[in-house]
Each structure stands twice: as C-alpha cells, then as structure tokens.
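# Inside the fold
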Amino acid sequence: MRVLILGGDGYLGWPTAMRFSGQGHEVCVVDNFARRRWVEDAGSNSLTPIASLDERIKAWKEVSGKEISSSVGDIAEGTFLADVVQEFEPEAIIHYGEQPSAPWSMKSVDHAVTTQENNVIGSLKLLWAMREHVPEAHLVKLGTMGEYGTPNIDIEEGFIEIEHNGRKDTLPFPKVPGSLYHLSKVHDSHNIHFACRVWGLRATDLNQGVVYGIETPETKLDDRLLTRFDYDELFGTALNRFAVQAVIGHPLTVYGNGGQTRGFLNIVDTLQCISITAENPPAEGEFRVFNQFTEVFNVAELAEKVRHAAGELGVDVQVDHVSNPRFELEEHYYNPTHTKLLELGLQPTLLSETLIESMLGVIKDHQDRVIQDVIDPVTQWRPSPLNEPAA
C-alpha cells in the first residue's frame, strides 16, 4: 500500500512512518517543520534530541533496510499538496499535518489565525487533491476528543440518533470545543463529512484522546530514530509534562482542582490504531468516526500516579494545584463510547506504574535538556483580569 503521511516529522508522524515502512508499505512523508519552529519560538525544545528528517530517513534505511521518501512544503500553500498527491498516488493518507496545541491557539490573535488557516485550509486542500487525483484513497484524519467538549450526556462515536417532534434521524454528535484549536478540528470534521457525502470520498476521523509516552519499538532501535517529546505549557500534554516535572524536582502543575476528565492512550496504541484503521478502509462515500483512547482519568489521578511511581524510585514529588488558565469545567460528567477500534482488534496498552517508571528513566537520561522557564502555565483562555461592566 502507498501511504502518504502529512506531518511525518512530528511526535506521532515520524513513528507512524517507521511503522508503516517496517510493515512493507511504500511511505512518503510530508512536513514543513513548523512544529520545530513553533517550539523554538516559544523558547522551548524537545526533551529528546531529534535528528533532521533527512538524517532520520538515512538512519532508518541503515537500521531496517527500508526506504522512506519525503517532500518538504506547506500543505496549505499553493498547489504543493495537490502536486505531491498526483505524483505519489497514495492509497491511504494519514493526516497529522496540523497545529496541535490548544494553548498555542489561544496565545494571541496571530496564533489563532495561524491555527485556523493552517488546519482548515490544509485539510481543504487535501480533500480537493483527493477529489481530483485519488478519489479511491482512504483518508485517515487525526481529530480529537476535544471536539465534543464535556456534555452532560454520554458521548457517542461521531453520530447520535435524535428524536424530535415525533421524528428520528441519525446526525453528527453535537460539538462544543474548548479552544480555537479544537474548533479548527470541528471545522475539519464538517468539511470531511461533506466531501464524503457529496464527492463520494472515504474517510475515517480519529477523535484521539491525550497521548502520552516517549518510546515505540522503532524509536528504540537507534538514537537517531527518536521522536520528539514536549514538556512545556504549550505543547506538553498532561502526563508527559508531569513526568518531566517529577524528574527535575518541579512541583506537578495540576490546573485547578484537577477534576478535568479525559481519555488517554499510549503512543504505541496510536500507531496500532492508525494501522488497524488503514487496513480496514470504509466504503465509498462513507465517513466514519472512531473515538481513539484506551482509558479515562482525571488530571489529579494522573498526578497521583506519577507522584507514586516517582516515590517508588526514591524521588519525592510535590503536587501543586495552580490557578487554571483554561476556560473549562473542572467537575463534569464524562462517559465517551470507544468500541469501534476494539472491535477491529485494538489491544490496549494500559497505563501502569512500571510504564510510568520507564518513562521517568528515559526522561532522566535527557533531563539536562529541560528548560524550566517554559513549564509553568502563562497562556490564558480569557482576558486577565476580566473586564468588569461599567457601574
């Protein structure tokens, strides 16, 4: 199978490229290295030292004997993506190529505009390229569970049956995203659904939970194959950030009371989910939605798990409840369905103390690279202080 991976230099994209290549597929990765620039501009870095894309591809060939090709450019600009699609003629397209951070999207008007332009326009360019050049290809799009928000009802997988005034229909599940990043993903989902309904494309929208983890079987083969690992307030996800904080002696920064509940999965399960999805494409004109996570935790529970695992290694960790910079419910109902990937064969890698301890060990090897100034939350979802109405 010819597999095109957009965002193939990223945290998930690079391990995905190696996974598909190792399975014998013909792989081409596309990236413009924006993630590297955004993190550097924020004064941060990847905890893991990451090689250039060319060096990674060369190292992968040396280690595995397998080829990965690449094309460098911005998928939202001009005809770049259409040209790549026309030349490579992919059978599956894995789309990671978006600005991935909620805090980054809320940082300023320029960050918000860049997020929306990059994500929505890039995905639209992809849909048109598929329509014109590879209408039979399968789009595997990385969405987010954050599209749904935290409604006071069970969250279904993409669609819900509604009865209203005596009539019934199955419609897209209502979405109340909590950031301009998550809102861009909602726009993507609507556009992809349209393209399937009207143009007959086929797509799977993977509403992914929060990913944690630092290693995959492929990244362990050679240090040059390491994927990036972010820990700062903009790009570091909760468990990854807590693990770094524990190793360097920084209090774990739990936002508010820590009752925010989300779905989580290990990076190795992201690769498993992507592979399973690509191997089981939908029918022509079908738009599928899979909720992609394996376990549900609240933030306070995660902090306690990290604190306890670190304690077993002789590291005393403090947990601090800091003012929540986000606009979100800290206590809420949360019961999302996630059966479709399990039915296709997903074998979950559940979070264990041993797994956290392994993460802590890898982080310790690179702790001298941590820039502490970028850890504490600075970006605010709402004006601070809030503007008070005139008397």
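Quick look at the structure, then.

This next bit is on the side chain of Glu 218. Topologically, Glu 218 is positioned in the loop between β9 (210–212) and α8 (238–248). When its relative accessible area of 10% is taken as the criterion, Glu 218 is described as buried.

Within α8, ten of the eleven residues are buried, which leaves it mostly tucked inside the rest of the structure. Those residues of α8 that fall on the buried side of the exposure criterion are Ala 238, Leu 239, Asn 240, Arg 241, Phe 242, Ala 243, Val 244, Gln 245, Ala 246 and Ile 248. Those residues of α8 that are buried lie in contact with β9, β10 (252–255), α10 (299–312) and α12 (353–365).

Before going further, it helps to examine the pattern of salt bridges. Pairs can form between side chains of opposite charge once their charged atoms are near each other. Tallying each qualifying case throughout the model produces 17 salt bridges. The residue Asp 9 makes a salt bridge to Arg 56 at a minimum N-O spacing of 2.9 Å. You can see Asp 9 sitting in the loop between β1 (2–6) and α1 (13–22) and its partner Arg 56 sitting in helix α3 (residues 53–64), a full 47 residues away along the chain. The exposure class of Asp 9 is buried, given its relative accessible area of 4%. The buried category is assigned to Arg 56, whose relative accessible area is 0%.

Moving on, we come to the side chain of Arg 288. Looking at the element boundaries, Arg 288 is found in strand β12 (residues 287–292). Within the buried core, Arg 288 has no salt-bridge partner, and the shortest N-O distance to an opposite charge, that of Glu 286, equals 4.8 Å. Side chain to side chain, Arg 288 and Thr 204 meet in a polar contact 2.8 Å long. When sequence neighbours within four positions are dropped, the list of residues in contact with Arg 288 reads His 138, Ala 203, Thr 204, Asp 205, Thr 277, Asn 280, Pro 281 and Pro 282.

Moving on to the sheet that holds strand β13 (residues 295–298). Judged by pairing direction, the sheet is mixed, and its three strands sit side by side in the order β9-β11-β13 without closing on themselves. Because the sheet does not close on itself, it has two edges, and the strands there are β9 and β13. With strand direction ignored, the average angle separating the axes of adjacent strands in the sheet is 45°. Sheet topology places β9 next to strand β11 (residues 261–266); three bridges connect them, and they run parallel. Each residue of the ladder has a partner; that of Val 210, found in β11, is Phe 264. Along the sheet, helix α9 (residues 267–279) makes contact with β9 and β11, crossing β11 at roughly 80°. Packed onto the sheet, α10 meets β11 and β13 and runs at close to 90° relative to β13.

Another aspect to go through is the packing of aromatic side chains. As enumerated under the stated definition, the model contains six aromatic pairs in all. Seen from their ring centres, Phe 159 and Phe 287 are 6.2 Å apart, and the 80° between their planes marks the pair as edge-to-face. Here Phe 159 is found in strand β6 (residues 159–164), whereas its partner Phe 287 is found in strand β12, with 128 residues between them in sequence. When its relative accessible area of 12% is taken as the criterion, Phe 287 is described as buried. Residues Phe 264 and Phe 297 carry aromatic rings whose centres are separated by 6.1 Å and whose planes lie at 55° to one another, so their mutual orientation is tilted. Of the two residues, Phe 264 is situated in strand β11 and Phe 297 in strand β13; the sequence distance between them amounts to 33 residues. Residue Phe 264 shares its accessibility class with Phe 297, and that shared class is buried.

What counts and how
Residues numbered from 1 in each chain as written. Predicted model: local features only at pLDDT ≥ 70, side-chain atom pairs only at ≥ 80, totals over all residues. Heavy atoms only, no water. Helix = DSSP H or I, 4+ residues; strand = E, 2+ residues; numbered from the N terminus. Buried < 20%, exposed > 50% of the residue type's maximum accessible area, 1.4 Å probe, protein only. Contact = heavy atoms within 4.5 Å. Salt bridge = Lys/Arg side-chain N within 4 Å of Asp/Glu carboxyl O. Lys, Arg positive; Asp, Glu negative; His and termini not counted. Polar contact = N/O pair within 3.5 Å; in protein donor to acceptor, adjacent residues only side chain to side chain. Pairing = 2+ DSSP bridges. Axes fitted to C-alpha atoms, helices over the stretch in contact; angles between N-to-C directions. Phe/Tyr/Trp six-rings, centres within 6.5 Å; stacked < 30°, edge-to-face > 60°.

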